[in-house]
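# Descriptive structure summary
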Amino acid sequence: MNRCIAIVATATLLTNALATTALASGSGGATAAVPAPRLTADVNRDGLLTRADDAGKHGWTDGRGAIFLPNLDDDEHRCTVAPAELDAPGRAVDDKLAACNDAADDRINGPRDAADLAPLTLDAERNLSANATGTVTIAPADKARIFVNGHARNALTADQLRRCVRLQLEGRDVLRDPAVWDGQITVTVSVADNGRTATDSVRMRVAPLMLQNDLQPAQTVLAAQPAKGQGWWGSTPPYQPGAPGDWPQFAKTLRTATKGRELRFLKGTPDGWKDMWAQDTFEPATVSMPTVGGTHTMRILIRSGNLWDLPEKNTPRPAGRLLYRDLRGPDIGVVQQFGDNQAAGVDDLLNMGGNIELLPPYPGYPHGRVYYGSGARRPDPTFLKLITGQGYQSPISYDMSWLLVGHADETVHVVRANNARGWTLAVADPRLAVRLLRDVQRQGGGSQQLFADTRSTRKPTVDELLSGWLTDNEAAAKHIDDQLAILLKATGLRTSELVRLPVFFANMPGYNRLKALTPDLVNGLSVTDRQFAAPDPHGPRLNGRDVFRQATEQALAKNGVRVHWVEDFFWAHLGGGEVHCATNALRDTREATPWWSGNGVSGIVSR
C-alpha cells in the first residue's frame, strides 16, 4: 500500500468502507476486485490531509466539509486593460475584462497561484495492472478544475495510480445565485482495472463572499483624483456649478485624516473622471479557506451593478473598469453581475456599493449582517442575489426610496460603543439639527450663514432654514424612525445606545425626494474603530464654534471615537454624497471569525 499520508496501515484501514466499489460488466469471477481508491480533502478544516478527514467527506455541512477558493485574482499580472477600453460603450469590454483571471487558463500561474488552490490526494494500491486507468471528474463540471501533479488533466495512468497522486482544485467562479448553484461540487475519482471499477468522492464548497465591516481597520484607503490637464470646474445638474471641485482641499484633509494608512488616488479618464464615487463603484469582500499556515484569504471586489446609457444602452458603469486596471492582481480579484436591462432613472442608484453595508458580528450572527436600502425603489435582483445569497451574512432591508440617492450609508453608520456588543449606530438626526439651529437663533444668531467659509453661491441663514424646511426635516425624521425600528428589532440595540448626529434635509425640486442640505455627518469613513473621517459640516457658529461640529465631536467622543474633519463640500457634498461615498477601503479582516467556524443564517428582515 503506497500511502499519501504517513500512518500505520491496519486491516481495518485496508478495508475501510468509506470508498465505494462498483461492479462493471466484464470478464467472470476469477478477476480480483479493484482496490478502492482513497480521495482525501481537508474535510475537518485543519489544513492537513489525514485519516481524520475521512468521516463525512461525501457530504458538506457548516461544521464539516472541504473548502476551495474562486481563483479570480491575477497573480502574474497578465490581465491588462487598454486605455481605449475604459470609456468604450456596450458590455463587450466588461465581459472581456471579467473573463481574464487565473481560473480562466489551464495552468498554475506561479507559486502564489498554487497557494490559491485546494489540496487533495489520491491513494490507490500498488498491485494495479499496467492496464489500469483513472479519471477525476467534477460536478458541476464548469465550477472547478483539477490539476494532477501540477498539470491540468483528468486522466490518470497506472504508474500514477501506484503512487501518491497530488491533486489541486481550482475554483472557477463565485456563488452568484443559490437557486442556480448552491456553491457545492462533488469531486469523484474512478479507477478501472481488468473490467472492474472502483470509485471514491468528496464534497466541497466554494468559499462565500464575505463583506467587511466599518470597525475593521482600513489598510488601504481609496479615492479618486481628476484626470491630469482637465478643466474640473464643470457643472453637474441639478447641483451647483463647480462640483466636483476643490480636489486639493479634499485630498489634503483626507491625507491628514488617514495618516498611518496607505492612501491611493485612482485616476479616471478625461471623459469619465467625474464619476469619482469610489464607494459606489464597488463593494469589497473576501474569500478564505483554512491552510496549514492559517487562513488563506483573497480579496474579491464586487463591482456595482449599474447599467447606464453611455451612449449605448445597458453599458456597465465605466468607472468600474478601473478596478481591473488598478486593483486586480495577486490575491485581488473582481466579479461583476449585471441585470438584463437598464434600471429606470434613480432606481439604478440602489445598485451601488454605498447602498450595501455590513453590521459587525453580534449574538446569533457571528459574521455580521448585510443591510441595504430597498422599498418602492429596489436594487436589481440579479445583483442583489450575488450580495445576499452567500448564506453567512443574513440581510436586512428597509425603505430608502424617500431619499434622492437612497443609499444605506446616508442615514446610519456603524461606530464602536462601550456596550456588550462593542458597537452601535451613528444616526442622521434632522430633529437634532433643528434643535441646534433653534439654539443659535435664540441666542441671536439667526442671521448666521451656513457654509459661510466656503465659496458656495448658496449660503442660507439659520432663520431661512427654520422658516422654510421644517416640514421636510420632520418627514425625513419619520422615515429614519421607520428604519431604526427595523434595525433596533434586528440587532437588539436600544434607542439610548444610538449616536445622533445633526443633519438638515431639504426636498429636491423636480425629484420630490429629500437630500441632505448640510453635509451628511454619518456619511464618513471609519479609518479605524476609533478614528472617523467626517465631512466638515460648515454649520452656524455659537461662541465662535461650529455647533454641528461640536455636537458631532462630543457625541462620538463618548464612545471613544475621534473625529477628523475632511473638506468635501465641493468635491462630494454638492454632488449628492460625502466622504464615505467618495472613498473606499480595503480593511484588515484577519481578526474576523472564519466563516466556516460559525453557522450560516439565512432570511431577510424587511418591512
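Residues numbered from 1 in each chain as written. Predicted model: local features only at pLDDT ≥ 70, side-chain atom pairs only at ≥ 80, totals over all residues. Heavy atoms only, no water.

## With respect to the overall build of the protein
Helix and strand counts for the protein come out as twelve helices and 33 strands. For the protein, the spread of C-alpha atoms along the three principal axes comes to 105 × 50 × 40 Å. Going through the 607 residues of the protein one by one, you find that 59% of them count as buried. Across the protein, every contact between residues at least 6 apart in sequence was considered, and the portion connecting residues at least 24 apart equals 74%. (Helix = DSSP H or I, 4+ residues; strand = E, 2+ residues; numbered from the N terminus. Buried < 20%, exposed > 50% of the residue type's maximum accessible area, 1.4 Å probe, protein only. Contact = heavy atoms within 4.5 Å.)

## Remarks on the packing of aromatic side chains
Using the criterion set out here, one finds twelve aromatic pairs in the structure. With 6.1 Å between their ring centres and 55° between their planes, Trp402 and Phe505 make a pair best called tilted. Taken as a pair, Trp402 in the loop between strand 22 (396–399) and strand 23 (412–416) and Phe505 in strand 26 (residues 505–508) lie far apart in primary sequence, 103 residues in all. Per residue, the accessibility class of Trp402 equals that of Phe505, and both read buried. Here Phe569 and Phe570 contribute two aromatic rings whose centre-to-centre distance is 6.0 Å and whose plane-to-plane angle is 55°, an arrangement assigned as tilted. For the pair Phe569 and Phe570, a shared accessibility class is recorded, and that class is buried. (Phe/Tyr/Trp six-rings, centres within 6.5 Å; stacked < 30°, edge-to-face > 60°.)

## Examining the sheet that holds strand 4 (residues 118–123)
One open sheet accounts for five strands, arranged 2-4-9-6-7; its pairing is antiparallel. With partners counted over all chains shown, the strands left at the sheet margins are strand 2 (38–41) and strand 7 (151–152), one partner each. Pairing between strand 4 and strand 9 (residues 165–171): five bridges, direction antiparallel. In the sheet register, Thr121 faces strand 9, and the bridge partner there is Arg166. (Pairing = 2+ DSSP bridges.)

## Some details on the state of the cysteines
Under the defined criterion, the tally for this structure stands at one disulfide. Each sulfur in the disulfide pair Cys79 and Cys100 lies 2.0 Å from the other. Around the S-S axis, the bridge from Cys79 to Cys100 shows a dihedral of about -90° and counts as left-handed. Within this pair, whereas Cys79 is found in the loop between strand 3 (66–68) and helix 2 (92–99), its partner Cys100 is found in the loop between helix 2 and helix 3 (110–114), the two being separated by 21 residues in sequence. Of the two residues examined, Cys79 and Cys100, each falls in the buried class. (Disulfide = S-S within 2.5 Å.)

## Considering the sheet that holds strand 12 (residues 210–211)
In space, the four strands of this open sheet follow the order 12-15-16-19, with mixed pairing throughout. The open sheet has two edge strands with one neighbour each: strand 12 and strand 19 (332–335). Pairing between strand 12 and strand 15 (residues 282–291): two bridges, direction antiparallel. From the neighbouring strand, Leu211 faces strand 15, where its bridge partner is Ala285. Here helix 8 (residues 381–388) sits on the sheet in contact with strand 12, strand 16 (294–303) and strand 19, set at roughly 165° to strand 16. (Axes fitted to C-alpha atoms, helices over the stretch in contact; angles between N-to-C directions.)

## Here's the deal with the pattern of salt bridges
Oppositely charged side chains can form a pair if their charged atoms are brought close together. For the structure on display, the rule yields 28 salt bridges. The closest approach of N and O atoms between Arg494 and Glu497, which form a salt bridge, is 3.8 Å. Here Asp536 ties to Arg549 by a salt bridge, and the two come within 2.7 Å at their closest N and O atoms. Remark: Arg549 occurs in helix 12 (residues 547–557) and Asp536 occurs in the loop between strand 29 (531–535) and strand 30 (541–542); sequence separation between them is 13 residues. Judged by its relative accessible area of 27%, Arg549 falls in the partly exposed class. Each of the salt bridges in this network shares a partner with another, and the network as a whole consists of Arg38, Arg51 and Asp54. (Salt bridge = Lys/Arg side-chain N within 4 Å of Asp/Glu carboxyl O.)

## Some remarks on the pairing of strand 28 (residues 525–528)
Here strand 28 runs beside strand 29; their pairing, made up of three bridges, is antiparallel. Bridge assignment links Thr528 to a residue of strand 29, and that residue is Gln531. Joining the antiparallel neighbours strand 28 and strand 29 is a turn of two residues.

## A short note on the confidence of the model for the protein
Note that predicted coordinates carrying low pLDDT should not be read in detail. For the protein, the average pLDDT comes to 91, and 91% of its residues sit at 70 or higher. Note that residues 229–239 has pLDDT below 50 and, in this model, 31 contacts with residues that lie over four places away or in other chains. In this model, residues 601–607 is a region of pLDDT below 50 whose contacts with residues beyond four sequence positions or in other chains number 20 contacts. (pLDDT = per-residue confidence, 0-100.)

## Re the environment of Leu301
Within the element layout of this structure, Leu301 appears in strand 16. Taking C-alpha positions, Leu301 is 4.7 Å from Val334, a pair spaced 33 residues apart along the chain. Non-local contacts of Leu301, meaning those with residues more than four positions away in its chain, are made with Phe282, Glu283, Pro284, Leu323, Leu327, Ile332, Gly333, Val334, Val335 and Leu586.

## Thoughts on helix 12
Along helix 12, the residues classified as buried are Val547, Phe548, Ala551, Thr552, Ala555 and Leu556. Down the axis of helix 12, the smallest arc covering the buried residues is 150°, so these residues share one side. Where helix 12 starts, the residue carrying a side-chain oxygen 2.9 Å from the main-chain nitrogen of Phe548 turns out to be Asp546. (Arc of directions from axis to C-beta. Polar contact = N/O pair within 3.5 Å; in protein donor to acceptor, adjacent residues only side chain to side chain.)

## Overview of the packing of helix 9 (residues 430–445) against helix 12
Packing of helix 9 against helix 12 brings their axes to within 10 Å, and their N-to-C directions diverge by 130°. Classified by the angle their axes make, helix 9 and helix 12 are oblique. Both helix 9 and helix 12 take part in a crossing whose hand is right-handed. Residues Ala433, Leu436, Leu437 and Val440 of helix 9 pack against Val547, Phe548 and Ala551 of helix 12. Of the residues assigned to the contact of helix 9 with helix 12, the class counts are seven nonpolar, no polar and no charged. (Parallel < 35°, antiparallel > 145°, perpendicular 65-115°, else oblique. Left-handed = near helix turned anticlockwise from the far one by under 90°. Nonpolar A, V, L, I, M, F, W, Y, C, P; charged D, E, K, R; others polar.)

## Comments concerning the side chain of His580
Examined against the element boundaries, His580 turns out to sit in the loop between strand 32 (562–566) and strand 33 (583–587). The contact partners of His580, leaving out residues within four places of it in the chain, are Asp214, Gln279, Glu357, Asp409, His413, Asn523 and Gly524.

## Notes on the side chain of Arg377
With respect to the helices and strands, the residue Arg377 is situated in the loop between strand 21 (369–374) and helix 8. Apart from residues lying up to four places away in sequence, Arg377 is in contact with Val346, Asp347, Leu349, Leu350, Met400, Ser401, Leu403, Leu404, Val405, Gly406 and Arg513.

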